[in-house]
Amino acid sequence: MERLIAFGPVPSRRLGRSLGINNIPAKICSYSCAYCQVGRTLQMSAERRPYYPPQQIFDQVAQKVAEARDLGLTIDYLSFVPDGEPTLDRNLGEEIERLRSLGIKIAVISNASLIWDERVREDLFKADWVSVKVDSLEDKAWRRIDRPHRSLRLDMILQGIEDFAREYSGILATESMLLAGVNDDEASLLAIAEFLEKIDPEVSYISVPIRPPTESWVQMPSPESLYLAYQIFSQRLKRVELLVGYEGDCFDFTGEAKEDILAIASVHPMREVALRRFLEKSGNSWDIIEELLEKKELIRIEYQGNSFYLRRHERQDKTGTE
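Here is a short report on the structure shown in this document. (Residues numbered from 1 in each chain as written. Predicted model: local features only at pLDDT ≥ 70, side-chain atom pairs only at ≥ 80, totals over all residues. Heavy atoms only, no water.)

## Description of helix H5 (residues 154-167)
End to end, H5 covers 20 Å across 14 residues, agreeing with the expected 20 Å (1.5 Å per residue, within 8%). Of the positions making up H5, those classed as buried are Leu 154, Ile 157, Leu 158, Gly 160, Ile 161, Asp 163, Phe 164 and Ala 165. (Helix = DSSP H or I, 4+ residues; strand = E, 2+ residues; numbered from the N terminus. Expected span 1.5 Å × (residues − 1). Buried < 20%, exposed > 50% of the residue type's maximum accessible area, 1.4 Å probe, protein only.)

Below you can see the structure in the form of structure tokens.
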């Protein structure tokens, strides 16, 4: 099957109706985050290189946009949100420039690990909306949460974020993933908030692991910790939002159901209720899911009382890990 680069539109807690762009092959990343919803990183890398021809990405996205428009579906953003780090793609800037002709705003959700590189910042300047990840200002916690490539340095990343924020003319967002007992104490939260105050993002998101994490030790912060985080951030930042709720079940059908499901589930684990609504909308039965499970193309994971379905990447077992 041809690599499914474009997926959706999907409901996004940040961006409304988002058409996702998966510009990195399965699980190549500069981090191997303990909380990652799509399993452990299969290939760690901090070196940029081309992965797909920019025209191939444009063609697949343009086709999805045309299908969505034919069905009367709204797309608020074209979002680079692969199952790895999008800025590892050396062609990212060219891809953004080509996609401009589609007349839809472009977003990039990045872990910011390569933002110390001036060429990465130049590519990101071309996007309308950029999210960067700031999980900790403390090296030990950063390494435990994000498990970075051995060549990366937190101080260089933080400086790169400051440099980017100073020059970027689009909408800058930040996202901080809080894990119980790791970075949800008052001192950690104050350090993150004070750094974010310096870069002055339009919106700062506080996240928790609402989907099945890679590592079983990962736990959600308590309600008291989340309240404390919100208060600390709100005192220093102009807009703070908690990404702690479910974004909804309204996944749009734009083509062949099996391909759509695999493309979405590659980067966005789907709850069973969402899958059932999707299949009903597309005129298909649950037999498709049983077939994908039997072929081991999908994995079923139980998390916090819900069943999630995730695309199985090479070298992943039924738990979603290597």
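## Observations concerning the packing of H5 against helix H6 (residues 186-199)
For the pair H5 and H6, interaxial distance at closest approach is 9 Å and the crossing angle is 30°. What the angle tells us is that H5 and H6 run roughly parallel. Between H5, through Leu 158, Ile 161, Glu 162 and Ala 165, and H6, the contact on the second element is made entirely by Phe 195, Lys 198 and Ile 199. (Axes fitted to C-alpha atoms, helices over the stretch in contact; angles between N-to-C directions. Parallel < 35°, antiparallel > 145°, perpendicular 65-115°, else oblique. Contact = heavy atoms within 4.5 Å.)

## A short note on unusual backbone geometry
Outside of glycine, negative phi angles account for most residues, and trans bonds account for most peptide bonds. The omega torsion across Gly 8 and Pro 9 is 5°, close enough to zero to call that bond cis. A positive phi angle, near 55°, is found at Lys 27, a position not held by glycine. Notably, Asp 200 is not glycine yet its phi reads approximately 55°, a positive angle. Of note, Asp 200 is situated in the loop between H6 and strand E9 (203-207).

## Structural notes on the nonpolar core
Soluble globular proteins tend to pack their nonpolar side chains together in the buried interior. Counting 73 residues, the largest nonpolar core has Val 61, Leu 78, Leu 99, Ile 161 and Phe 233 as the members making the most contacts within it. When sequence neighbours within four positions are dropped, the list of residues in contact with Ile 161 reads Ala 112, Ile 115, Val 132, Lys 133, Val 134, Phe 195 and Ile 199. With 15 residues, the next largest nonpolar core counts Ala 257, Ile 261, Met 270 and Tyr 309 among its residues. (Core = buried A, V, L, I, M, F, W, Y, C linked by side-chain atoms within 4.5 Å.)

## Here's the deal with the packing of helix H3 (residues 118-125) against H5
Where H3 meets H5, the closest approach of the two axes is 11 Å, and the angle between their N-to-C directions is 35°. For H3 against H5, the interelement crossing comes out right-handed. Residues Arg 121, Leu 124 and Phe 125 of H3 lie in contact with H5, whose contacting residues are Gly 160, Asp 163, Phe 164 and Glu 167. Its residues assigned to classes, the contact of H3 with H5 comprises 3 nonpolar, 1 polar and 3 charged. (Left-handed = near helix turned anticlockwise from the far one by under 90°. Nonpolar A, V, L, I, M, F, W, Y, C, P; charged D, E, K, R; others polar.)

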